[in-house]
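These are the residues of each chain, in order.
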Amino acid sequence: MKISYYGHACFMLEGSKKIIIDPFLTGNPTATKKPEYIKADYILISHGHGDHLGDGIKIARQSGGTIIAPNELAVFCEQKGAKVHNMHIGGAYIFDGVKVKLTQAWHGSAFVDDQDIIYTGNPCGFLIWMDNLCIYHAGDTGLFGDMDTVIGRNNQIDVALLPIGDNFTMGPEDAVIAAKWLKAKTVIPMHYNTWPLIAQDPHLFKEKVEAQTQSKCLVLKPGESTEIY
Ligand code: NI
Ligand code: MN
């Protein structure tokens, strides 16, 4: 599987299917890709905030792909003309060989513009199984104990994508604890350095993860990819 980092919380997984997660490209100062050229079979959206929903509806419409999201957010996307599959936390579903399970995230979820706040249910994270590999995208979340007792102990995670930006999500110290609990083979940091408010040194995070946990830590710059087997 090829894992590409498109900046902020956006990753593209390319294996037997193409899966994009939280495609915030338009308006993302660190993004290297334009949404016009992106096609995906599945578009996973963790919550309604603009830096996650992003170009999701546009990418779904131009690819004919399906948005997978918590129910209220999925309904919101359907009302905007996207094909959707509604799920909720704790539920899993197999999409043509790809299994997706929604996990909890401690955060908010709303579509916010100049005039309104439209709440879009609970935010989530994702466990994704494709081509015998397991990827965990934590979404926007603070640290929670179920990363140990529910997610970490019951899944053999190959790659964990963890926010480290602080302020809105876990900071690096809590993300090191998350890494300890999740026991993923590889940890990739996300949700940092998009704006000064979430500035972090990912290499310092990498040192701590590799000193204090069994996981390897891979720092990807926006536009970079890695292959996992
Ligand atoms: Ni958010
Ligand atoms: Mn966010």
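This one's a predicted model, so the numbers in the text were calculated from it and none came from an experiment.

Reading the values: the criteria
- Residues numbered from 1 in each chain as written.
- Chains lettered and ligands numbered in written order.
- Predicted model: local features only at pLDDT ≥ 70, side-chain atom pairs only at ≥ 80, totals over all residues.
- Heavy atoms only, no water.
- Salt bridge = Lys/Arg side-chain N within 4 Å of Asp/Glu carboxyl O.
- Helix = DSSP H or I, 4+ residues; strand = E, 2+ residues; numbered from the N terminus.
- Buried < 20%, exposed > 50% of the residue type's maximum accessible area, 1.4 Å probe, protein only.
- Contact = heavy atoms within 4.5 Å.
- Donors = N, O, S within 2.8 Å, 3.2 Å for Na, K, Ca; no water.
- Tetrahedral: all angles 85-135°; square planar, octahedral: opposite > 155°, others 65-115°.

Peer 1: It is not clear to me how the pattern of salt bridges should be interpreted in this structure. Could you clarify?
Peer 2: Where charged atoms from two side chains of opposite charge come close, those side chains can pair. If you walk through the whole model with that rule in mind, you get five salt bridges. In this structure, D158 and K185 form a salt bridge, with 2.9 Å as the shortest nitrogen-oxygen distance. Remark: K185 occurs in the loop between α5 (172-182) and β14 (186-190) and D158 occurs in the loop between α4 (146-154) and β13 (159-163); sequence separation between them is 27 residues. Note on K185: relative accessible area 56%, which makes it exposed. The salt bridge involving K206 is made with E210; its shortest N-O contact spans 3.3 Å. On the criterion of helical spacing, the pair formed by K206 and E210 is a turn pair, its members being four residues apart in helix α6 (residues 202-212). We classify K206 as partly exposed; its relative accessible area is 28%.

Peer 1: Where do I start with the environment of P222 in this structure?
Peer 2: Looking at the secondary structure, you find P222 in the loop between β15 (216-217) and β16 (225-227). Classification of P222 by relative accessible area gives partly exposed; the value is 29%. Spatially, the C-alpha atoms of P222 and H8 are 8.0 Å apart, while their sequence positions differ by 214 residues. Excluding residues within four positions of it along the chain, P222 makes contact with Y5, Y6, G7, T30 and T32.

Peer 1: Any chance you could explain the coordination of the nickel ion (ligand 1) here in plain terms?
Peer 2: Expected angles at a metal are 109.5 degrees for tetrahedral coordination by four donors and either 90 or 180 degrees for octahedral coordination by six donors. Donor atoms from the polypeptide that bind the nickel ion (ligand 1) are H47 (NE2), H49 (ND1), H107 (NE2) and D140 (OD), placed at 2.2 to 2.3 Å. For the nickel ion (ligand 1), the four donor atoms in the first shell make angles of 86 to 177° at the metal, a pattern classed as irregular. Considered as a linear motif, the donors of the nickel ion (ligand 1) on their single chain read H-x1-H-x57-H-x32-D. Taken as an interatomic distance, the gap from the nickel ion (ligand 1) to the manganese ion (ligand 2) is 3.1 Å; D140 donates to each of them.

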